[in-house]
Amino acid sequence: MSKPVFVYVTYIETTPEKLWDALTSSEFTQQYWFDTELRSNWTIGAPVALVMNGKVTDTGEILEFDRPRRLAYTFKHEADPELRKEPATKVVFTLEPFGNVVKLTVTHDGFGIGSKLFEGIANGWPVILSGLKSLLETGKVFRIPPESLGLDCA
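Residues numbered from 1 in each chain as written. Predicted model: local features only at pLDDT ≥ 70, side-chain atom pairs only at ≥ 80, totals over all residues. Heavy atoms only, no water.

Caption draft 1: Expanded view of the nonpolar core. If you look at the biggest cluster of nonpolar residues, it comprises 38 residues, and the most contacted ones within it are Leu19, Trp33, Tyr73, Phe93, Leu104, Trp125 and Leu132. Counting residues per element, the ones that place at least two in this core are β1 (6–12), α1 (16–24), β3 (47–52), β5 (70–77), β6 (89–98), β7 (101–109) and α4 (116–138). If you tally residues by element for this core, the top one is α4, at ten residues. Apart from residues no more than four positions distant in its own chain, Leu104 is found in contact with Tyr8, Val9, Thr10, Ile12, Leu19, Leu23, Phe93, Thr94, Leu95, Leu129 and Leu132. (Core = buried A, V, L, I, M, F, W, Y, C linked by side-chain atoms within 4.5 Å. Buried < 20%, exposed > 50% of the residue type's maximum accessible area, 1.4 Å probe, protein only. Helix = DSSP H or I, 4+ residues; strand = E, 2+ residues; numbered from the N terminus. Contact = heavy atoms within 4.5 Å.)

Right under this line is the structure:
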């Protein structure tokens, strides 16, 4: 049995620079990512923390930072005691100009077979990235409570 890998591809009508800022600036992430702040100094080897309502939900380390093309960091869930036992995974954002839009590919891998974290990732990323696309293209973002997706972000 192979290990699960999450891959999501979307096309967003924006520039690579604006998309990059939306992925790395807490001012943007709080609007489309369940009010989550991303805290890091964005240098290779630096820590990164996802903070929701003052609580660290996930941590990691910056592996790649090639503005505005590629961002990668490790991802370790901290909020749920059961999921905290799972090993760190890796998330990669690849941005490619594609005519007047940007192709965004998100790859999240490193999950163990039968990973419960993978279930949360597979439910969460599509909503987060759809909100990102909506925000950049329309200036508005829809609200879906994380609880309705089975995500423990509190």
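Having seen it, we continue.
Caption draft 2: Structural context of the side chain of Ser115. For Ser115, the position within the fold is in the loop between β7 and α4. Given the relative accessible area of 8%, Ser115 is considered buried. Within the structure, Ser115 has its side chain in polar contact with the side chain of Glu86 (distance 2.5 Å). (Polar contact = N/O pair within 3.5 Å; in protein donor to acceptor, adjacent residues only side chain to side chain.)

Caption draft 3: Local environment of the pattern of salt bridges. Scanning the model with the defined rule gives five salt bridges in all. Taking the shortest distance from any N to any O, the salt bridge between Arg39 and Glu37 comes out at 3.2 Å. On the accessibility criterion, Arg39 (43% relative accessible area) is partly exposed. Across the pair Asp66 and Arg69 runs a salt bridge, and its minimum N-O distance is 3.3 Å. Given a relative accessible area of 46%, Arg69 falls into the partly exposed group. (Salt bridge = Lys/Arg side-chain N within 4 Å of Asp/Glu carboxyl O.)

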